[in-house]
Amino acid sequence: MTLLSLEGLVAGYGPDVPILHGVNIRLQAGEIVSIVGPNGAGKSTAMKSAFGLLNVHQGKILIGTEDVTNSRPEAIVRKGVSFVPQTENVFASLTVQENLELGGYFNSRSHVAAGLDRVYSLFPPLREKRHQKSGLLSGGQRQMVAMGRALMPDPKIVLLDEPTAGLSPKYADEIFKLIIDINASGTAVLMVEQNARQALMISNRGYVLVDGRNRHEGTGAGLVRDREVAEMFLGG
Amino acid sequence: MDILIGYVNYAIALATMIGIYAIMATGLNIQWGLTGLFNLGIAGFFAVGAYSSAILTTAATGKHLGGFDLPVVFAWPAAMALSALLAWAVARICIRLRADYLAIATIGIAEIVRLVLKNEQWATGGTRGISNISRPFEDLTGMWAGLAFLSLVLALAAAVYWLAESGRLSPWGRVVQAIRDNEDAARASGKDVEALRIQGFVIGAALMGLTGALTAHYLKFIGPEATDPLQITFLVWVMLIVGGSGSNKGAVLGAALIWSLWSTSELLTSRLPGEWAHRAPFVRLFLVGLILQFVLQKFPAGLMSTGARNTPSKPKKPSSRNTVHVLPPF
Amino acid sequence: MDQALMFVNAYLIPGLVSGSIYALGAIGLTLLFGVLRFTHFAHGDVMTAGAYLALAGVGLFGLHPIMALPLAMAGTSLLCLGINHFFYAPLMKRPSLVLTISSFGVALMIRAAIQLIYGVESQYYVRGIQKSREVFGTFRIVDRHIWIGCSAVALMLALHLLLTRTRLGKAMRAVSDSPDLARLTGISTTTVIRYTWVIGGSLAAVAGVFLGWDGYVHANMGWDQLLPISAAAILGGLGRPYGAMVGGLVIGMAEELSSYPWLGGDALLSPGYKTGVAFAIMVAMLIWRPNGLFGEKVR
């Protein structure tokens, strides 16, 4: 079942000057899909457009079969899609638990309690630090808070923008493992990663974007082996 | 015939005040329009100029500091210099602050100036103020006295406009406008941002001091309550915003437009019966406030749009380019 | 002993009272700054509006000033929602300084409207000598000072519970922390902004009523508070409600204590310059600790 599809998307940050020139991306239930490509290819832009953060000039965005083109982020969250930005992704002056509770802002009280249990069992270190200000956490833990916040409403889809950016290789490995866990619990994941090889390795499928257009697509493992993709930006 | 003379005198008075406000609005345009400095203490610099000139020119009375008996040719530049000095002291401390902090600081300065004027009776006459200030040309007969003073004010306003316009087009003017639009870029290209902003602030304040002096001599009296300080500051801001900040022409035309409205509406409301005439000023003030809101919303660049950016914004912490701004960034 | 008694009655208690009033005003200013990212220059005049609304309640229905508080709070909340809707919301996408200019205009408009309706004479809630009671057998405290102090503490406690225990309070802190992330999380910023106006406006109303009760009600009373409440908010760090509480108390105490004859004989600073103290503290803060006593950057 297709959960999310971007169809022929032409979009940009303003009403003119598009950054995406016709991008097609699909996310099926149960999948992990990565968007990779060189710098400035429009990877993050493509993902953000799915979350209502861009002006769509042409094409459409569907969640399931519902057209959500040019909906606002507040509305999209309520349709079961969560987004974890790359930077400024936690409320730094709020405690870990408060961050998570806000993730369930529009859910009922019992739903929030269940969400907290689920997130704490996925990220046990957060339970210990739940009364700490999240601004004081390490980069990796902060990323966990951000992902935990996104998982609180029990979304169908999680969008991750460069989840391992700025993390040490050890933490990056851990985050990739967590992404697999999240996926195993039934949430489809669409992510953009600089760390393309590792991302594709855990992905069911991947898209390679170049200059705001689709260049390649295939299974994660298939793209890693692809010579052209490798030469282009996987570092040989 | 008397009615005619009345109208002519009214026209002279109107034009005189327009000239004075045009200088003030030009001063504010140099501070805000060109340099991007948020001054809500206009009345403070105005008062310093007014009292300085009053003290320097009046005869000794024993009721306030005085007895210098200087002619206005010395007193007015001195008034400007003292306002400039105060502005320099404020600017040295506050110029690096975010714009709204500077605004609060200037409110504070105006308040301190007011307290000093009220409390230091030996120098300022306290709440009674200073009276018997000489007005240039007052010995002329009939309307000539008013006309001559008006000519002086208009000549000064023209000179100020010419200087401000040459300043705006000069390399100095281009640099301060560049700082207003993008402080970091200007700093990166090696401009002494602080010094230039201090200059803009001081020049503007000197002009406000001059208008204080002109007003004191025009009214022949100055006291802490002679002018509603907040009202002066407010009117000058409305003049600049309505005219179009960044444009000297806009400042002058805004002054002419708003003061004409302000004054002629007073003429009309003064005929209202008793109680209403007392309350009419507040209706006028409210309406001027509405005009300000209307222009801010519908004519962001003012009525005299120059095509330049009307409102300087100095983003202190630019959000990453990929975020969406629901709220104004800074 | 006389000396100590005078210190408490003439300096300490007035300092605490005006400190509480400043704190209530400053909290609103700081909450609004956090959520909307602009300094609300009409906040003092919102206080004035609250004071006059209560005056209407006191005058028309013979209410005790405390009983008139709900009326004043409801009225200023509506006033704030109205000015937000008509004047600030349309400017929301423009640089924040445009909002600041607009709020300066709103300040004058509120003041003009009040002068139009009530005139420029000072008015009083209660006339004549106030009842006072003895505390610890030595100090005499006027009833209204007890009311003011207790209500201020109660309101601050209520605000604390709101900010830390309720969904709305957490959402307000979240928007203040990062408006962009708040939207991504599904928090409706418009709703949060509205509630912030209601809370800020209500607290300003209380501050205005207390100010009028402790002195007199006058159209300029609020604008004159803008300096001390801004100083209190800056002292505590803009955007930080707890900082504003501390800041208000510090400014209130400093103003009163500055005229205590610390060096014997004369007042240290002539009481006529009291307002200058708030300004001096603010300037000192802006120079040395522009982010407030409790550090961290204002965003």
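Owing to the predicted nature of the structure, the values given are computational and were not obtained by experimental measurement. Counting restarts for each chain, with residues numbered from 1 along the sequence as it is written. Note on labels: chains are lettered from A, ligands numbered from 1, in written order. pLDDT decides what is reported in this predicted model: residues at 70 or higher carry local features, side-chain atom pairs at 80 or more are listed and counted, and totals for whole chains, interfaces and linings draw on all residues regardless. Computation of side-chain values: all heavy atoms of the structure, hydrogens and water removed.

Let's shift gears to the overall build of chain C. What chain C contains, in helices and strands, is 11 helices and two strands. Numbering of helices and strands runs from the N terminus; a helix is a DSSP stretch of H or I covering at least four residues, while a strand is a stretch of E covering at least two. Going from the N terminus to the C terminus, chain C shows its helices and strands as α-α-α-α-β-β-α-α-α-α-α-α-α. Our radius of gyration is a C-alpha quantity, and the globule rule it is checked against amounts to 2.2 Å times the number of residues to the power 0.38. Relative to a compact globule of 299 residues, whose C-alpha radius of gyration would be 19 Å, chain C shows 19 Å and is just as compact. Burial classes follow relative accessibility: with a 1.4 Å probe on protein chains only, a residue under 20% of its type's maximum area counts as buried, one over 50% as exposed, and anything between as partly exposed. Counting over 299 residues, chain C shows a buried share of 60%. A contact between two residues is defined here by any heavy atoms of the two lying within 4.5 Å. Excluding contacts between residues fewer than 6 apart, the proportion of contacts in chain C whose partners are at least 24 apart in sequence is 73%. A total accessible area of about 11300 Å² is found for chain C, and carbon and sulfur atoms account for 66% of it. Looking at charge distribution, chain C has the averaged site of its 20 positive side-chain charges lying 15 Å from that of its 13 negative ones. Only the protein chains shown count as cover for residues, with accessible areas throughout obtained via the Shrake-Rupley method and a probe of 1.4 Å. Positive charge is attributed to Lys and Arg, negative charge to Asp and Glu, and no charge count is given to His or to the chain ends. Charge positions are represented by NZ for Lys, CZ for Arg, CG for Asp and CD for Glu.

Right, let's get into the nonpolar core. A:Leu159, B:Tyr21 and B:Trp237 are the most contacted members of the largest nonpolar core, which has 235 residues in total. For this core, the element with the most residues is helix α1 (residues 2-36) of chain C, which contributes 17 residues. If we skip the residues at most four places from it in the chain, A:Leu159 touches A:Leu4, A:Met47, A:Ala50, A:Phe51, A:Val81, A:Ser82, A:Phe83, A:Val84 and A:Leu190. Joining through side-chain atoms within 4.5 Å is the link that ties buried Ala, Val, Leu, Ile, Met, Phe, Trp, Tyr and Cys residues into a set, and such a set is a nonpolar core.

So, on to empty space enclosed by the protein. In this approach a probe as big as a water molecule rolls over the atoms, and the regions it shows empty are the leftover space. Grid spacing is 1 Å over the protein atoms alone, the probe is 1.4 Å, and a cavity is where that probe fits but cannot get out, while a pocket is an open set with protein on both sides within 12 Å along at least five of seven lines and lining residues have an atom within 4 Å of a point. Grid points are joined across faces, edges and corners, and a volume is the space filled by probe spheres set on the points. Applying the stated rule across the entire model yields one cavity of 30 Å³ or more. By volume, the largest cavity is sized at about 50 Å³. A:Val77, A:Ser82, A:Phe83, A:Gly103, A:Arg149, A:Ala150, A:Pro153, C:Leu184 and C:Thr185 together form the lining of the largest cavity. Breaking the lining of the largest cavity down by element, the ones donating at least two residues are β6 (81-84) and α6 (139-151) of chain A. We call Asp, Glu, Lys and Arg charged. Ala, Val, Leu, Ile, Met, Phe, Trp, Tyr, Cys and Pro are nonpolar, and the rest, Gly among them, are polar. The residue makeup of the lining of the largest cavity, split by class, is five nonpolar, three polar and one charged.

Tallying the contact residues gives 17 residues for chain C and 28 residues for chain A. Summed over both partners, the interface of chain C with chain A buries about 1900 Å², with 55% contributed by carbon and sulfur atoms. Note on terms: buried area is the combined drop in 1.4 Å-probe accessible area of two parts once they are placed together, counting the loss on both. It is C:Arg167, C:Leu181 and C:Leu184 that lose the most area in chain C upon contact with chain A, and together they represent 33% of the buried surface on that side. Salt bridges are defined as contacts in which a side-chain nitrogen from Lys or Arg sits within 4 Å of a carboxyl oxygen from Asp or Glu. Where chain C touches chain A, the interface holds three salt bridges. Of the charged contacts in the structure, one is a salt bridge between C:Lys170 and A:Glu101, with a shortest N-O distance of 2.5 Å. Under this definition, polar contacts are N or O atom pairs within 3.5 Å; protein pairs additionally need one hydrogen-donor-capable and one acceptor-capable atom, and for neighbouring residues in sequence, both atoms have to be side-chain atoms. Joining chain C to chain A, the criterion identifies nine residue pairs in polar contact (both at pLDDT 80 or more). Looking at which element gives the most residues to the side of chain C that touches chain A, the answer is helix α6 (residues 167-177) of chain C, with six residues.

On to the pattern of salt bridges. Close approach of charged atoms allows side chains with opposite charge to pair. Residues and elements named next belong to chain B. One pass over the structure, following the stated rule, counts 21 salt bridges over all chains. A salt bridge links glutamate 111 to arginine 114; the nearest nitrogen and oxygen atoms lie 3.1 Å apart. Pair noted here: glutamate 111 and arginine 114 are both in helix α4 (residues 99-119), with a separation of three residues, about one helical turn. On the basis of relative accessible area, glutamate 111 is assigned to the buried category, the value being 16%. The closest approach of N and O atoms between glutamate 183 and arginine 187, which form a salt bridge, is 2.4 Å. Of this pair, glutamate 183 and arginine 187 are both found in helix α8 (residues 183-188), four residues apart, which corresponds to roughly one turn of the helix. For glutamate 183, a relative accessible area of 11% corresponds to the buried category. With relative accessibility at 35%, the residue arginine 187 sits in the partly exposed group. Where salt bridges share partners, they join Arg96, Glu183, Arg187, Glu194 and Arg197 into one cluster.

Planes of paired rings set the category: under 30 degrees apart is stacked, over 60 is edge-to-face and the rest tilted, where pairs are Phe, Tyr or Trp rings (Trp by its six-membered ring) whose centres lie within 6.5 Å. Using the criterion set out here, one finds 19 aromatic pairs over all chains in the structure. Taking the centre distance of 5.5 Å and the plane angle of 20° together, the rings of C:Tyr88 and C:Trp197 count as stacked. Residue C:Tyr88 is located in helix α3 (residues 65-88), and its partner C:Trp197 is located in helix α8 (residues 189-214); the two are separated by 109 residues in the primary sequence. The residues C:Tyr88 and C:Trp197 share a single accessibility class, namely buried. An angle of 40° between the planes, with centres 6.5 Å apart, marks the rings of C:Phe210 and C:Trp213 as tilted. Linking C:Phe210 with C:Trp213, this pair stays in helix α8, spanning three residues, or about one helical turn. C:Trp213 sits in the buried class, given a relative accessible area of 8%. Taken together, the ring pairs in this structure connect B:Trp32, B:Phe38, B:Trp237 and C:Phe41 into an aromatic cluster. Think of it as a cone above the ring: NZ of Lys or CZ of Arg counts as a charge over the ring if it is within 6 Å of the ring centre and within 35 degrees of the ring normal. For A:Lys170, the ring lying beneath its charged end belongs to A:Tyr171, and the centroid distance is 5.2 Å.

Moving on to the environment of B:Leu261. Positionally, B:Leu261 belongs in helix α11 (residues 248-269). Sequence separation of B:Leu261 and B:Val288 is 27 residues, and the distance between their C-alpha atoms is 9.0 Å.

With that settled, the discussion passes to the sheet that holds strand β4 (residues 55-63) of chain A. Pairing between strands is defined by DSSP: at least two bridges between them are needed. Here we have four strands laid out as an open sheet, ordered β2-β1-β4-β5 (chain A), and antiparallel in their pairing. Since the sheet does not close on itself, it has two edges, and those belong to β2 (20-28) and β5 (66-67) of chain A, each with one partner.

All names here are of chain B. Lines fitted to C-alpha atoms define the axes here, with helix axes fitted over just the stretch in contact, and angles between the N-to-C directions of these axes take values from 0 to 180 degrees. Running from N to C, helix α10 (residues 229-243) and helix α12 (residues 274-298) cross one another at 35°; their axes reach a closest spacing of 10 Å. Of the two elements, α10 crosses α12, and the hand of that crossing is left-handed. In contact with Gln231, Phe234, Leu235, Val238, Ile241 and Val242 of α10, α12 contributes Leu285, Val288, Gly289, Ile291, Leu292, Val295 and Leu296. By residue class, the composition of the contact of α10 with α12 is 11 nonpolar, two polar and no charged. Handedness of a crossing is defined here by the sense of rotation of the near helix relative to the far one, left-handed for an anticlockwise turn of less than a right angle and right-handed for a clockwise turn.

Residue and element names in this part refer to chain A. Among the five residues of strand β3 (residues 32-36), five are classified as buried, and the element is accordingly described as predominantly covered. Judged by which residues are buried, β3 turns out to be covered on both faces: Ile32, Ser34 and Val36 on one side and Val33 and Ile35 on the other are all buried. Both β3 and strand β8 (residues 188-192) contribute to a ladder of four bridges, which runs parallel. Its bridge partner being in β8, isoleucine 32 is matched across the sheet by valine 189. Here β3 runs beside strand β9 (residues 205-210); their pairing, made up of four bridges, is parallel. Opposite serine 34, over in β9, you have glycine 206 as the bridge partner.

A few words on the sheet that holds β6(A). Residue and element names in this part refer to chain A. Spatially, the six strands line up as an open sheet ordered β6-β7-β8-β3-β9-β10, and their pairing is mixed. A single partner strand is all that each edge strand has here, and the edge strands are β6 and β10 (213-219). If you compare each strand with its neighbour and ignore which way they point, the axes differ by 15° on average. Each of β3, β6, β7 (157-161), β8 and β9 is contacted by helix α1 (residues 43-50), which is oriented at about 150° to β7, the strand it contacts most. Those strands touched by α6 are β6 and β7, and its axis lies near 165° from that of β6.

Before going further, it helps to spend a moment on the environment of C:Ala280. All names here are of chain C. Within the secondary structure layout, alanine 280 lies in helix α11 (residues 274-288). A relative accessible area of 45% places alanine 280 in the partly exposed class. Considering only alpha carbons, one finds alanine 280 and alanine 231, 49 residues apart in sequence, at a separation of 9.1 Å.

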